[in-house]
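The chain contents come next:
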Amino acid sequence: MMIEDNIDENDLLAYASDDVKKTNMPSETYKQSGVPEFEEYVPDMNDEMDDAEDAFGIITTGIEPLEITESGARITGYIATTRRQDVRLGTYVMVPYGDEDLFARIWKLQYLQEFEVDDATEIHSRRMLKSNTTAEVDYKFLALLDPICILYEHGSGSDSKSELVRRMADRIPRPNTQILPVTDKSKIQTGLNIPKEGIFLGHLSVGGEVVRTHAVPPTVPYYLRNDYSMGDPLVFRHMLVCGSTGTGKTFLTKNILRQFMNENNRYRLRSDKSKNRNPCLVIMDPQDEYSQMFEDNPEIAAGDEYNFKSENVDFGRCANTKTFVAKVAGHSYNGKSRAEQVEFTIPFELVRNNLWLITPVGMTELQYTGLELLVEDYFKRGGSHTYGGFVDHIDDEGTRMTYVDSNKIHEASYDGIVRRVRNPALRKVFDQPATPITEILGKVFSPGQVSVFPTEYISSSRIRDLIVLTLMTLVVDNKLSTSGDVAVKDTPIILALDEAHRYLSKASGEHSKKIVSKFADAARQGRKEGLGLFLITQDPQDIDDTVFKQVNTRVILNLTNDAAINALKVQKEYEKRIPYLKKGQMIVHSPDNSDMVEVMGLSKCVVNHE
């Protein structure tokens, strides 16, 4: 068939029949030809005209049915070619109904062919490899939406103040409705149930990109609820920060902990709920990094200060920071910080009610029972009670014969006890020439103070663990006991424990079981006692389940260990992201605070961090 020279070969209608041409005629041609014209669909919405230019695309039923049920939904959107580069998995969108809005996130993206063609052929692949001339309009770009909630104004009558609230997604959007980016900060916060004030953790993000709105500042801050409007502040339901080595756990933790030290941040006392006090932040610091909270970050510029103030982010040094240094024979502490240093020692007297302090891992049940009897009898004696005195007591042959001959302790068990208790590490830590920690509890647990306990300067892991566990026990015992020290009981305490997996691991021995049991009780009663555990670890799977289950807020940085990721039990769509999180990027799982979200931490530390 001959083709006329004046026909545009790109005009497909040039080859169409007369019937096909009629269906593609302009409106005026329709009227002249007598062919009835379809009525144009105009949605009845009050959105601004600019929305059409901002829209990602429209809701469509051309591919799959449009449906919503109590157990799920199938909502498909067609994304316009000009906006396809702006859409990512997890992007938050809004679909207006007119009187209210559907708030959703994109959970699936897909391409479909626009025209019927087989592009899985050798000929086609070679053409594309040689010269890729694929046009976006040749394919349908589809986004499947996961409805999160419906947003609407509540109490809009003349007698009440209008408030934006959310409810479950119970309406189906209309076909051809615009899919819009969410540019209203309040709608995002309400849609994800994020508090509008509290402890600042970072900015809402999607795929590592901070979400921006039309507000000033444009970012969406993520706050942790810190008031009594819906129960106790969430810090007393405990927090966990976990991430692999080098992912910025300490950097992030400093930024979070600094927010609790605002002068106006006060919590109720259990003994007198009419009184409020600032919390005491107690930090177990294995790398000697947290004493730097005493100092400003010199890298913070005027622009940073403006941004911090605009979102109520507390920054700057905690002037009331003290470093408490355990006196250990043969070890000296040379701190990086100019914070005041206070030396202390652990008195052997603490062993009276905490036998595990001198119980090494691997001690048998019979040896543990025998040691329990020896310690109990030793403390019944008059005079002072020291570690050296106890070792001399059980080393005495007369003492040995008394217990062995009376069959109170088997001779093999007795000798095993002596070998294990006569430990050079224990001699270096107990009863050193410094003030006993039990005599300075009021100085350690002071409201509004950051009390840091470094252990990096100690080479023996046995001694480091002994010191940390002693301090942890002092906090818990005094908080939970009715006769506990007043300084501890009447001060809200946030206990930050770095390398938490070392001390709260799944119980493998008798003393481990006792420690975990003690902290499980503390975790359960933390809300009413004003004790919040702030756990930092790279191995969350190693923390005992009885403690782990009490942690309400989990801040997850990059993890590559499958066992660690599985232990966190996050939603599948977020679980897959964890190994790809960039530095500062985190998943926040806090059911009593908000929906699970991705958050980007601050790029600068609010205190000194070297």
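A quick note: this is a predicted structure, and the numbers were derived from the prediction, not measured.

The rules behind each value
Residues numbered from 1 in each chain as written. Predicted model: local features only at pLDDT ≥ 70, side-chain atom pairs only at ≥ 80, totals over all residues. Heavy atoms only, no water. Helix = DSSP H or I, 4+ residues; strand = E, 2+ residues; numbered from the N terminus. Buried < 20%, exposed > 50% of the residue type's maximum accessible area, 1.4 Å probe, protein only. Contact = heavy atoms within 4.5 Å. Areas by Shrake-Rupley, 256 points an atom, 1.4 Å probe, with all protein chains shown as cover. Expected span 1.5 Å × (residues − 1). Axes fitted to C-alpha atoms, helices over the stretch in contact; angles between N-to-C directions. Parallel < 35°, antiparallel > 145°, perpendicular 65-115°, else oblique. Nonpolar A, V, L, I, M, F, W, Y, C, P; charged D, E, K, R; others polar. Left-handed = near helix turned anticlockwise from the far one by under 90°. Phe/Tyr/Trp six-rings, centres within 6.5 Å; stacked < 30°, edge-to-face > 60°. Salt bridge = Lys/Arg side-chain N within 4 Å of Asp/Glu carboxyl O. pLDDT = per-residue confidence, 0-100. Core = buried A, V, L, I, M, F, W, Y, C linked by side-chain atoms within 4.5 Å. Pairing = 2+ DSSP bridges. Arc of directions from axis to C-beta.

S.K.: Quick rundown of the overall build of the protein? Include the residues and the values.
M.R.: Tallying secondary structure elements over the protein gives 19 helices and 23 strands in all. Across the 610 residues in the protein, those meeting the buried criterion constitute 49%. Once local pairs closer than 6 in sequence are excluded, the contacts in the protein between residues at least 24 apart make up 71%. Per element, the accessible surface of the protein, about 30600 Å² overall, is 47% carbon and sulfur.

S.K.: How would you explain helix α14 (residues 461-480) if you had to name every residue and give the values?
M.R.: Between its first and last C-alpha, α14 extends 28 Å over 20 residues, near the 28 Å set by a 1.5 Å rise per residue. Across the 20 residues that make up α14, a large majority, 15, are buried.

S.K.: Which residues make up the environment of Ile 394, and what values go with them?
M.R.: Tracing the sequence through the fold places Ile 394 in helix α9 (residues 387-395). The exposure class assigned to Ile 394 is buried, which follows from its relative accessible area of 2%. Considering only alpha carbons, one finds Ile 394 and Tyr 414, 20 residues apart in sequence, at a separation of 8.9 Å. Excluding residues within four positions of it along the chain, Ile 394 makes contact with Leu 374, Tyr 414, Val 418 and Val 421.

S.K.: Please provide a residue-by-residue account of the packing of helix α8 (residues 365-380) against helix α11 (residues 411-421), values included.
M.R.: Viewed as axis vectors pointing N to C, α8 and α11 meet at an angle of 75°, and their least axial separation amounts to 9 Å. The angle between α8 and α11 falls in the class roughly perpendicular. Touching Leu 366, Gln 367, Gly 370, Leu 371 and Leu 374 of α8 are Ser 413, Tyr 414, Gly 416, Ile 417, Arg 420 and Val 421, all from α11. Taken together, the residues of the contact of α8 with α11 sort by class into six nonpolar, four polar and one charged.

S.K.: Lay out the packing of α9 against α11 in plain terms, naming residues and giving numbers.
M.R.: Where α9 contacts α11, the two axes come as close as 10 Å, and the packing angle between them is 155°. Comparing the axis directions of α9 and α11 gives the class roughly antiparallel. Pair α9 / α11 crosses with left-handed handedness. Contacts between α9 and α11 involve Tyr 387, Phe 390, Val 391, Ile 394 and Asp 395 from the first element and Tyr 414, Val 418 and Val 421 from the second. Taken together, the residues of the contact of α9 with α11 sort by class into seven nonpolar, no polar and one charged.

S.K.: Run through the packing of aromatic side chains, naming residues and quoting values.
M.R.: Counted under the stated rule, the structure contains 18 aromatic pairs. Aromatic pair Phe 348 and Tyr 387: ring centres 6.1 Å apart, planes at 65°, arrangement edge-to-face. Here Phe 348, found in the loop between β17 (340-344) and α8, pairs with Tyr 387, found in helix α9; they are 39 residues apart in sequence, far enough to count as distant. Summarising the burial analysis for this pair, Phe 348 and Tyr 387 share the class buried. Each ring, one from Tyr 378 and one from Phe 379, has its centre 5.6 Å from the other, and the planes form 75°; the classification is edge-to-face.

S.K.: Let's hear about the pattern of salt bridges: which residues, and what values?
M.R.: Summed over all chains, the structure comprises 29 salt bridges. One salt bridge in this structure joins Asp 86 and Arg 83, with 2.7 Å as the shortest N-O distance. For Asp 86, a relative accessible area of 41% translates into the label partly exposed. Accessibility expressed as a relative area gives 16% for Arg 83, which makes it buried. Its salt-bridge partner being Lys 187, residue Asp 101 comes within 3.1 Å of it at the nearest N-O pair.

S.K.: Can you tell me about the confidence of the model for the protein, naming the residues and giving the values?
M.R.: Per-residue pLDDT for the protein averages 87, and the proportion of residues at 70 or more is 89%. Confidence drops under pLDDT 50 across residues 1-33; counting only partners more than four residues distant or on other chains, this segment forms 20 contacts. Of the regions scoring below 50 in pLDDT, residues 35-45 engages in 13 contacts with residues more than four places distant in sequence or in other chains.

S.K.: Any chance you could break down the nonpolar core for me, citing the residues and the numbers?
M.R.: Inside soluble globular proteins, nonpolar side chains tend to come together where they are buried. Formed by 146 residues in total, the largest nonpolar core has its most connected members in Phe 260, Phe 344, Phe 390, Phe 430, Ile 467 and Leu 535. In contact with Ile 467, not counting residues within four places along its chain, are Ala 326, Val 328, Phe 344, Ile 346, Val 429 and Ile 458. Core analysis: the next-biggest nonpolar cluster, separate from the first, contains 18 residues, Ile 79, Val 87, Val 93 and Ile 106 among them.

S.K.: Tell me what's going on with the pairing of strand β6 (residues 139-154), and back it up with residues and numbers.
M.R.: Two strands pair when backbone bridges link them, and strand β3 (residues 73-79) and β6 are joined in this way by four bridges, in the antiparallel orientation. Within β6, the residue paired with Thr 76 across the bridge is Leu 144. Both strand β5 (residues 101-113) and β6 contribute to a ladder of 12 bridges, which runs antiparallel. Paired with Leu 112 across the bridge in β6 is Lys 140.

S.K.: How would you explain α8 if you had to name every residue and give the values?
M.R.: With 16 residues, α8 extends 23 Å between its outermost C-alpha atoms, agreeing within 8% with the 22 Å of an ideal straight helix rising 1.5 Å per residue. Along α8, the positions that sit buried rather than exposed are Gln 367, Tyr 368, Gly 370, Leu 371, Leu 374, Val 375, Tyr 378 and Phe 379. Considered in projection along α8, the buried side chains sweep an arc of 160° and stay on one side of the axis. Set apart from the buried face of α8 by more than 90 degrees, the exposed residues are Glu 365, Leu 366 and Lys 380.

S.K.: Explain the pairing of β5 to me, and be specific about the residues and the numbers.
M.R.: Two faces, one strand: in a regular strand the side chains alternate between the faces of the sheet. As paired elements, strand β4 (residues 92-96) and β5 share five bridges and run antiparallel to each other. Residue pairing in the sheet places Pro 96 in a bridge with Asp 101 of β5. A loop of four residues connects β4 with β5, the two strands running antiparallel in sequence, and Gly 98 in this loop sits at a positive phi of about 120°.

S.K.: Could you give an account of unusual backbone geometry, with specific residues and numbers?
M.R.: Note the cis peptide between Val 216 and Pro 217, where omega equals -5°. Among the secondary structure elements, Pro 217 is positioned in the loop between β10 (209-210) and β11 (221-224). In this structure, Asn 176 is a non-glycine residue whose phi angle is positive, near 70°. On the basis of relative accessible area, Asn 176 is assigned to the partly exposed category, the value being 40%. In this structure, His 238 takes a positive phi of about 80° despite not being glycine. Mapped onto the elements, His 238 comes out in the loop between β11 and β12 (239-242).

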